[in-house]
Amino acid sequence: MYAQMVKSTGSAVKSLDEMTPQERAFQERVDAGERIEPKEWMPDGYRKTLIRQIGQHAHSEIVGQLPEGNWITRAPTLERKAILLAKVQDEAGHGLYLYCAAETLGVSRDELFEALHEGRMKYSSIFNYPTLTWADIGAVGWLVDGAAIMNQVPLQRCSYGPYARAMVRICKEESFHQRQGFDIMMKMANGTPEQKDMAQDALNRFWGPSLMMFGPSDEHSVHSAQSMAWKIKMNGNDELRQKFVDLTAPQAEFLGLTIPDPDLKWNAERGHYDYSEPDWDEFFEVLRGNGPCNKERLGARVKAWDDGAWVREGLMANAAKRRPIAAE
Amino acid sequence: MKNEIPLWEVFIRGQHGLNHRHVGSLHAADAQQAILNARDVYTRRNEGVSIWVVPSNAISASAPSDKGPLFEPSNDKIYRHPTFYDIPDDVGTM
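Quick caveat: nothing in here was measured; it's all calculated off a predicted structure.

**Student:** Mind showing me how you'd approach the overall build of chain A here?
**Tutor:** On a plain count of helices and strands, chain A comes out with 13 helices and two strands. The C-alpha radius of gyration computed for chain A amounts to 21 Å, which stays within 12% of the reference 20 Å derived for 328 residues, consistent with globular compactness. Taking the principal axes of the C-alpha coordinates as reference, chain A spans close to 65 × 60 × 35 Å. Put simply, of all contacts in chain A between residues at least 6 apart along the chain, 79% involve residues at least 24 apart.

As structure tokens, then:
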């Protein structure tokens, strides 16, 4: 998802009997559906895994602004431009809510930025793909935000209070994102034949990468098992991917567009759509830094941070100068 | 990291005359910038009519371990709730 393949402790989930009394009391609170709050005791692995997961989620929101920002100056109408600007501003907001949630776990904002810039932390693979046409902005809202919603809605019930609360705010706003994307797709799909072709082309290019957002099957992953026991991951990757396909296939049909998967068809027996796995070799290549836009995206982030250094320093210097006056 | 921009807690009063409520935190060099940032981060959809910002390190909080001593004593004082008292229906609304 926006956080993919987050590593947990790497060992099998302990049973209640194998836990120390402190760990056991913690797990029993999680099992009972209680929220864990920042200053309360938590296992070290829980804290570290959450920092990785929330941090990666935050980085995804921030880097996710770049492919869409690409089209702010080229949006086809003033209204579309204002809407896209508002959407990209929301993504910045989502990143900030999440960074705040991560910071309650004892990591600083600058540490998180540094880890991203040095490649020690990741952001979602999806943002390493280019947005080549205006229809891509529609596909991103419809498919990428649609996939994100699948994961973010259940995370509103996750065990860590600040993360769950950030998700509540994000989910409220995310629905606008997906609908504005679908609105663009409807306009394109019902437009001229050339516009419809653009919409189909965008769907062709974003379908596989959207399915990859959920990550490879984690049925046998010890990391996922631990995260699910801690209720910081609420569903398996395959389960969410299936849910996404089931919701999206009829929407594509409504648009009169074809999902680029010859094996996609309704399976009445399962009550789900059958679909083909995306190209996992490509996914791992993108994670390794070899996607179409990895260097450009991270480069833009680092440049923005470096170029903004004098502003941050100036603000701090100004605040320091004014502080004694304010105290008088 | 030695000169990291400080953290502020943000409180917003919504439309309906309720108390300011904690909504999250953000970084800002000073209070003025914190209020402007809070406007952008926490009120993009008309969520508020007033903003308070407080440096995070100025907040004193009760310790999680004090939960028992602080809050348990009120558990056994159920007579503080109106539903503790059985008033006959004949009395009418009370």
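**Student:** Would you take a moment to explain the packing of helix α6 (residues 134–155) of chain A against helix α8 (residues 193–212) of chain A for this structure?
**Tutor:** Helix-helix packing is described using two parameters, namely the angle between the two axes and the distance between the axes. Residues and elements named next belong to chain A. Where α6 contacts α8, the two axes come as close as 9 Å, and the packing angle between them is 35 degrees. Viewed along their axes, α6 and α8 form a crossing whose handedness is right-handed. Of the residues in α8, those touching α6 at Trp134, Ala135, Asp136, Ala139, Val140, Trp142, Leu143, Val144 and Ala147 are Met198, Ala199, Ala202, Leu203, Arg205, Phe206, Trp207 and Ser210.

**Student:** Help me understand the interface of chain A and chain B, please; the structure alone is not making it clear to me.
**Tutor:** Facing the 26 residues of chain A at the interface are 23 residues of chain B. Across the chain A to chain B interface the summed buried area is about 2000 Å²; carbon plus sulfur atoms make up 54%. At the surface where chain A touches chain B, the tally comes to seven salt bridges. One salt bridge in this structure joins arginine 45 of chain B and glutamate 173 of chain A, with 3.3 Å as the shortest N-O distance. For the pair chain A and chain B, the number of links is 13 residue pairs in polar contact (both at pLDDT 80 or more). Counting residues per element, the side of chain A that touches chain B draws most heavily on helix α4 (residues 78–103) of chain A, at eight residues.

**Student:** Got a minute to help me understand the pattern of salt bridges in this structure?
**Tutor:** Oppositely charged side chains are able to pair whenever their charged atoms sit close together. Applying the stated rule across the entire model yields 30 salt bridges over all chains. One salt bridge connects glutamate 47 of chain B with arginine 169 of chain A, and the closest N-O pair in it is separated by 3.9 Å. You can see glutamate 47 of chain B sitting in the loop between α1 (31–42) and β3 (50–55) and its partner arginine 169 of chain A sitting in helix α7 (residues 161–189), one on each of two chains. Judged by relative accessible area, glutamate 47 of chain B falls into the partly exposed class, the value being 28%. Assessed through its relative accessible area of 18%, arginine 169 of chain A is described here as buried. For the salt bridge of aspartate 76 of chain B with lysine 77 of chain B, the shortest nitrogen-to-oxygen distance reads 3.3 Å. You can call aspartate 76 of chain B exposed: its relative accessible area is 54%.

**Student:** Would you explain the packing of α4 of chain A against α1 of chain B in this entry?
**Tutor:** One way to put it is that α4 of chain A packs onto α1 of chain B with a least axis distance of 9 Å and a crossing angle of 110 degrees. The orientation of α4 of chain A with respect to α1 of chain B, classified from their angle, is roughly perpendicular. Facing Gln89, Leu96, Tyr97 and Cys100 of chain A of α4 of chain A, the residues of α1 of chain B in contact are Asp40, Val41 and Tyr42 of chain B. Residues of the contact of α4 of chain A with α1 of chain B, tallied by class, amount to five nonpolar, one polar and one charged.

**Student:** So what exactly am I meant to see when it comes to the packing of aromatic side chains here?
**Tutor:** Aromatic rings considered in pairs are described by the distance between their centres and by the relative angle of their planes. All names here are of chain A. Within the structure shown, the criterion is met by 17 aromatic pairs over all chains. Ring centres of phenylalanine 182 and phenylalanine 254 lie 6.2 Å apart, and the angle between their planes is 35 degrees; this geometry places the pair in the tilted category. Taken together, the positions of phenylalanine 182 in helix α7 and phenylalanine 254 in helix α10 (residues 237–255) put the pair 72 residues apart, joining distant regions of the chain. In textbook terms, an aromatic cluster arises when at least three aromatic residues are bridged by ring pairs, as seen for Phe26, Trp41, Tyr46, Tyr160 and Trp230. Geometry around tryptophan 71 places arginine 74 over its ring, the cationic atom sitting 5.6 Å from the centre. One residue, arginine 312, lies across the ring of tryptophan 305, its end atom 3.4 Å from the ring centre.

Rules and cut-offs
- Residues numbered from 1 in each chain as written.
- Chains lettered and ligands numbered in written order.
- Predicted model: local features only at pLDDT ≥ 70, side-chain atom pairs only at ≥ 80, totals over all residues.
- Heavy atoms only, no water.
- Helix = DSSP H or I, 4+ residues; strand = E, 2+ residues; numbered from the N terminus.
- Rg over C-alpha atoms; globule rule 2.2 N^0.38 Å.
- Contact = heavy atoms within 4.5 Å.
- Axes fitted to C-alpha atoms, helices over the stretch in contact; angles between N-to-C directions.
- Left-handed = near helix turned anticlockwise from the far one by under 90°.
- Buried area = accessible area lost by both parts, 1.4 Å probe.
- Salt bridge = Lys/Arg side-chain N within 4 Å of Asp/Glu carboxyl O.
- Polar contact = N/O pair within 3.5 Å; in protein donor to acceptor, adjacent residues only side chain to side chain.
- Buried < 20%, exposed > 50% of the residue type's maximum accessible area, 1.4 Å probe, protein only.
- Parallel < 35°, antiparallel > 145°, perpendicular 65-115°, else oblique.
- Nonpolar A, V, L, I, M, F, W, Y, C, P; charged D, E, K, R; others polar.
- Phe/Tyr/Trp six-rings, centres within 6.5 Å; stacked < 30°, edge-to-face > 60°.
- Lys NZ or Arg CZ within 6 Å of the ring centre and 35° of its normal.

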